[in-house]
Amino acid sequence: MIVDAYRENFRVDNRTRLIPGDSDDHVSSTMIMTTDEMLPDGFDQRLLDAGLGTRRWWGGGVHRQVAYRRFSADLLPVTEWLAERSIGLPCYDGLRRDEIATICDRVAETLHAQRIG
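Residues numbered from 1 in each chain as written. Predicted model: local features only at pLDDT ≥ 70, side-chain atom pairs only at ≥ 80, totals over all residues. Heavy atoms only, no water.

**Considering the overall build of the protein chain**
So, step 1. The number of helices and strands found in the protein chain is four helices and three strands.
So, step 2. Residues classed as buried in the protein chain amount to 30% of the 117 residues present.
So, step 3. Restricting the contact set of the protein chain to residue pairs at least 6 apart, pairs at least 24 apart contribute 67%.
So, step 4. Accessible surface, the protein chain: about 7800 Å² in total, of which carbon and sulfur atoms supply 52%. (Helix = DSSP H or I, 4+ residues; strand = E, 2+ residues; numbered from the N terminus. Buried < 20%, exposed > 50% of the residue type's maximum accessible area, 1.4 Å probe, protein only. Contact = heavy atoms within 4.5 Å. Areas by Shrake-Rupley, 256 points an atom, 1.4 Å probe, with all protein chains shown as cover.)

Shown next, in the form of structure tokens:
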């Protein structure tokens, strides 16, 4: 199962995990990773340059999207926290365990390089 392979690979770094968490029993067509720290500027582009396409599913949160600017909104600190720390990773039928291991390695290398750089 794709989610199991991602979980196995992300267990190495306790600062990186999947949303929803390990105890959640659900079905999803997305694989969203989150980390304790804000994802650094340029993180998405560095992964793309390494051949890994990603998505920011929520952007900065629906309350920040152009279509909703005219509506009032309460402060949404949890939404903003998640948006700054979460990214969608490849998830499709036929994605192999070795490909998932490579994806997780690239994510970890990129995060590590940006933390020390």
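**Comments concerning the nonpolar core**
So, step 1. In terms of nonpolar packing, the biggest core is built from 19 residues, with Tyr6, Phe10, Met33, Phe43, Leu89 and Val107 touching the most fellow members.
So, step 2. Elements that contribute at least two residues to this core include exactly α1 (2-10), β2 (31-35), α2 (43-49), β3 (86-89) and α4 (97-116). (Core = buried A, V, L, I, M, F, W, Y, C linked by side-chain atoms within 4.5 Å.)

**Thoughts on the packing of aromatic side chains**
The description of an aromatic ring pair rests on the distance of the ring centres and on the angle between the ring planes.
So, step 1. Following the criterion strictly, the structure yields two aromatic pairs and no others.
So, step 2. For the ring pair Tyr6 and Phe10, a centre distance of 6.1 Å and an interplane angle of 20° mean the geometry is stacked. Here Phe10 and Tyr6 lie together in helix α1, a separation of four residues that amounts to about one turn.
So, step 3. Tyr6 sits in the buried class, given a relative accessible area of 0%.
So, step 4. When the ring of Tyr68 is compared with that of Phe71, the centres are 6.4 Å apart and the planes differ by 40°; the resulting orientation is tilted.
So, step 5. Assessed through its relative accessible area of 46%, Phe71 is described here as partly exposed. (Phe/Tyr/Trp six-rings, centres within 6.5 Å; stacked < 30°, edge-to-face > 60°.)

**Considerations on the pairing of β3**
So, step 1. Judged by which residues are buried, β3 turns out to be covered on both faces: Ser86 and Gly88 on one side and Ile87 and Leu89 on the other are all buried.
So, step 2. Note that β2 and β3 share four bridges and pair antiparallel. The residue of β3 that forms the bridge with Met33 is Ile87. (Pairing = 2+ DSSP bridges.)

**Things to note about the sheet that holds β3**
So, step 1. An order of β1-β2-β3 is seen for the three strands of this open sheet, with the pairing classed as antiparallel. Since the sheet does not close on itself, it has two edges, and those belong to β1 (16-19) and β3, each with one partner. Mean inter-strand twist for the sheet, computed between neighbouring axes without regard to direction, equals 35°. (Axes fitted to C-alpha atoms, helices over the stretch in contact; angles between N-to-C directions.)

**Focus on the pattern of salt bridges**
So, step 1. Per the counting criterion, the structure on display carries seven salt bridges.
So, step 2. Among the salt bridges present, the one from Arg97 reaches Glu8, with a minimum N-O distance of 3.2 Å. With Arg97 in helix α4 and Glu8 in helix α1, this pair connects stretches of sequence that are 89 residues apart.
So, step 3. On the accessibility criterion, Glu8 (44% relative accessible area) is partly exposed.
So, step 4. With a closest N to O distance of 3.4 Å, Glu99 and Arg96 form a salt bridge.
So, step 5. Classification of Glu99 as partly exposed rests on a relative accessible area of 23%.
So, step 6. When salt bridges with common partners are traced through the structure, they connect Arg96, Asp98 and Glu99 into a single cluster. (Salt bridge = Lys/Arg side-chain N within 4 Å of Asp/Glu carboxyl O.)

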